[in-house]
Amino acid sequence: MSAGQLTNRQRGLVYASAFFGITTESLIGMLLPLWALARGLPPAQLGIAVALASLSPLLLAVPAGALCDRYGDRQVMLWAGLGAGVTAALYPLAGGFLAACGLQLLGGLARSMSWLSAQSYAIRATPPGERNTFMGRFSFAGSVGMLLAPLAAGALVDWLGLTAGFLLMAVWGGLLAAVALPLPDRRDGAAEGTLWQVTGGAYRQALPLLAQASLMIVMLLTLLRLSSAAVNASFYPVHLDQAGFSPASIGLMFACINGAISVGSLSAAAVIRRSSMTGVLFGSIALSVLAISLVPFVTSPLAVGALSALHGLGLGLSLPTLLAAIGRQTAAHQRGLVIGLRTLFNRLGYFAVPVLLGGLVHVLGLRGAFVATGALLLVGLAVGYAYLRRLRIDFG
């Protein structure tokens, strides 16, 4: 089936894969810090537990992308959704730090592969002429899921306790598998070999792609974008808890982030038309970093909600823009591999930032840690922009 032959029902299923595929990441970002606080884990252990969810994807994202190219995004999506659901259901049984670390290693890989395969399927299924608009809608569907799930989880945790929140997360993973089942299998046929040949040779095929300067800059922007998101997935709920926010209120603040992500995702194509892809990429990531860095300096719900919304707007504008940039620069048979590379850089940010923040909180306090991390990310963004200007690269 060619890319242009998606039926309306199949388009709806692809959007649903975004709705369910990314949401488990949003839920664990809210629930794990609350779980750690309930068990009295110190900041350093919370940082390690959050980071471990990114360790297995950091090591295996590129082979996972190669598996999408070889066996099909649908097949990977199906099994990853089931894995995300099963591991989520086991969190309430985890009695301490080591058990949580084990679940983070397994669950982090499953959640990462869920979103990786959904993105790869969407890019592979979309004709180039429709990609900006389609990926905007795809990202919007994901951000709507991220808006609704924390609200539901916060209400459930207030009403029934943390176990109910994790069970909601398990249902979300199962629903991704249910969405994947009726999707048509789409693969380009260029990837061949056994399971071990495909996974073993993945890095050998992927790393030379980074010699393309434009793709390397996209990966740097991916790293910086997700590094800012890693802040709200680790110590953002800790600040809100210390400021007296209830679990339902914390869920509402996550909804402010994810509601703004929805607006940004849906607006990205129009904003690109009125400015440029380069401007949207750098400006939106700078906005998300600045906004989340200022959150510890405010405690009123209105101020926290406003900064959270600005952070989410930056994340929302940047996601479909990054995916469209990747689609422009890669061959069809390499889409899964390149999305795997993107996931690797995502997870590098998710792995490093919580550990860095956990250490900085001990030394500088919560406010100092947020500011120092934000400053580091903005320096990285400035270096990337200077490199782009030096090479006269323009994404459009």
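Above this text you will find the structure in question.
Now for a quick tour of the structure. (Residues numbered from 1 in each chain as written. Predicted model: local features only at pLDDT ≥ 70, side-chain atom pairs only at ≥ 80, totals over all residues. Heavy atoms only, no water.)

**Here we look at empty space enclosed by the protein**
Reasoning step 1: Overall, the coordinates contain 2 cavities of 30 Å³ or more when judged by the stated rule.
Reasoning step 2: Approximately 410 Å³ is the volume attributed to the largest cavity.
Reasoning step 3: Contributing to the lining of the largest cavity are 27 residues, with I22, E25, M146, L226 and Y350 lying nearest its centre.
Reasoning step 4: For the lining of the largest cavity, the elements supplying multiple residues, two or more each, are α2 (23-38), α6 (97-125), α7 (131-160), α11 (213-232), α13 (247-274), α15 (301-329) and α16 (335-391).
Reasoning step 5: Examining the composition of the lining of the largest cavity, we find that 5 residues originate from one element, α16, more than from any other.
Reasoning step 6: Considered class by class, the residues forming the lining of the largest cavity number 12 nonpolar, 11 polar and 4 charged. (1 Å grid on protein atoms, 1.4 Å probe; cavity = no way out; pocket = protein on both sides within 12 Å on 5 of 7 lines; lining within 4 Å. Points joined across faces, edges and corners; volume = space filled by probe spheres on them. Helix = DSSP H or I, 4+ residues; strand = E, 2+ residues; numbered from the N terminus. Nonpolar A, V, L, I, M, F, W, Y, C, P; charged D, E, K, R; others polar.)

**Some thoughts on the environment of G251**
Reasoning step 1: Considering the arrangement of structural elements, one finds G251 in helix α13.
Reasoning step 2: In this structure, the C-alpha to C-alpha distance between G251 and L348, residues 97 residues apart in sequence, is 26 Å.
Reasoning step 3: Contacts of G251, omitting those with residues within four sequence positions, involve M30, P150 and L151. (Contact = heavy atoms within 4.5 Å.)

**A word on a nonpolar patch on the surface**
Reasoning step 1: On the surface, V86, L90 and L93 cluster together into a nonpolar patch covering about 310 Å² of accessible area.
Reasoning step 2: Locating L93 in the fold gives a position in the loop between α5 (73-90) and α6.
Reasoning step 3: Exposure remark for L93: the relative accessible area of 69% places this residue in the exposed category. (Patch = residues over 30% accessible without salt bridge, like charges linked within 9 Å, V, L, I, M, F, W, Y side chains within 5 Å. Areas by Shrake-Rupley, 256 points an atom, 1.4 Å probe, with all protein chains shown as cover. Salt bridge = Lys/Arg side-chain N within 4 Å of Asp/Glu carboxyl O. Buried < 20%, exposed > 50% of the residue type's maximum accessible area, 1.4 Å probe, protein only.)

**A short note on the pattern of salt bridges**
Reasoning step 1: Evaluation of the coordinates by the stated rule reveals 1 salt bridge.
Reasoning step 2: When the shortest N-O distance is used, the salt bridge between E25 and R111 registers 3.9 Å. Here E25, found in helix α2, pairs with R111, found in helix α6; they are 86 residues apart in sequence, far enough to count as distant.

**Quick look at the nonpolar core**
Reasoning step 1: With 126 residues, the main nonpolar core has W35, F138, F166, L221, F235, Y236 and L341 as its most contacted residues.
Reasoning step 2: Considering every element that reaches this core, the biggest residue donor is α16, with 17 residues.
Reasoning step 3: When sequence neighbours within four positions are dropped, the list of residues in contact with F235 reads P43, L46, G47, P354, L357, G358, V361, L366 and F370. (Core = buried A, V, L, I, M, F, W, Y, C linked by side-chain atoms within 4.5 Å.)

**Comments concerning the side chain of R225**
Reasoning step 1: In this structure, R225 sits in helix α11.
Reasoning step 2: Salt bridges are absent for the buried R225, whose nearest opposite-charge side chain, E25, sits at 11 Å.
Reasoning step 3: Those residues within four positions of R225 in sequence are excluded, and the remaining contacts are I285, L315, S318, L319, L322 and R342. (Lys, Arg positive; Asp, Glu negative; His and termini not counted.)

**Thoughts on the packing of α2 against α7**
Reasoning step 1: Two numbers describe how α2 lies on α7: the axes approach to 8 Å, and their chain directions differ by 35°. Crossing geometry of α2 relative to α7 is assigned as right-handed. Across the interface between the two elements, T23, S26, L27, M30 and L31 of α2 pack against G142, G145, M146, A149, P150, A153, G154 and V157 of α7.
Reasoning step 2: For the contact of α2 with α7, the residue count by class is 8 nonpolar, 5 polar and no charged. (Axes fitted to C-alpha atoms, helices over the stretch in contact; angles between N-to-C directions. Left-handed = near helix turned anticlockwise from the far one by under 90°.)

**Examining the layout of surface pockets**
Reasoning step 1: Reported here for the largest pocket is a volume of approximately 240 Å³.
Reasoning step 2: Considering the residues around the largest pocket, the lining is formed by L67, Y71, Q75, V76, W79, A80, G83, T87, L106, L109, A110 and M113.
Reasoning step 3: Listed by contribution, the elements that provide at least two residues to the lining of the largest pocket are α4 (55-71), α5 and α6.
Reasoning step 4: At 6 residues, α5 tops the list of elements feeding residues into the lining of the largest pocket.
Reasoning step 5: Partitioning the lining of the largest pocket into residue classes produces 9 nonpolar, 3 polar and no charged.

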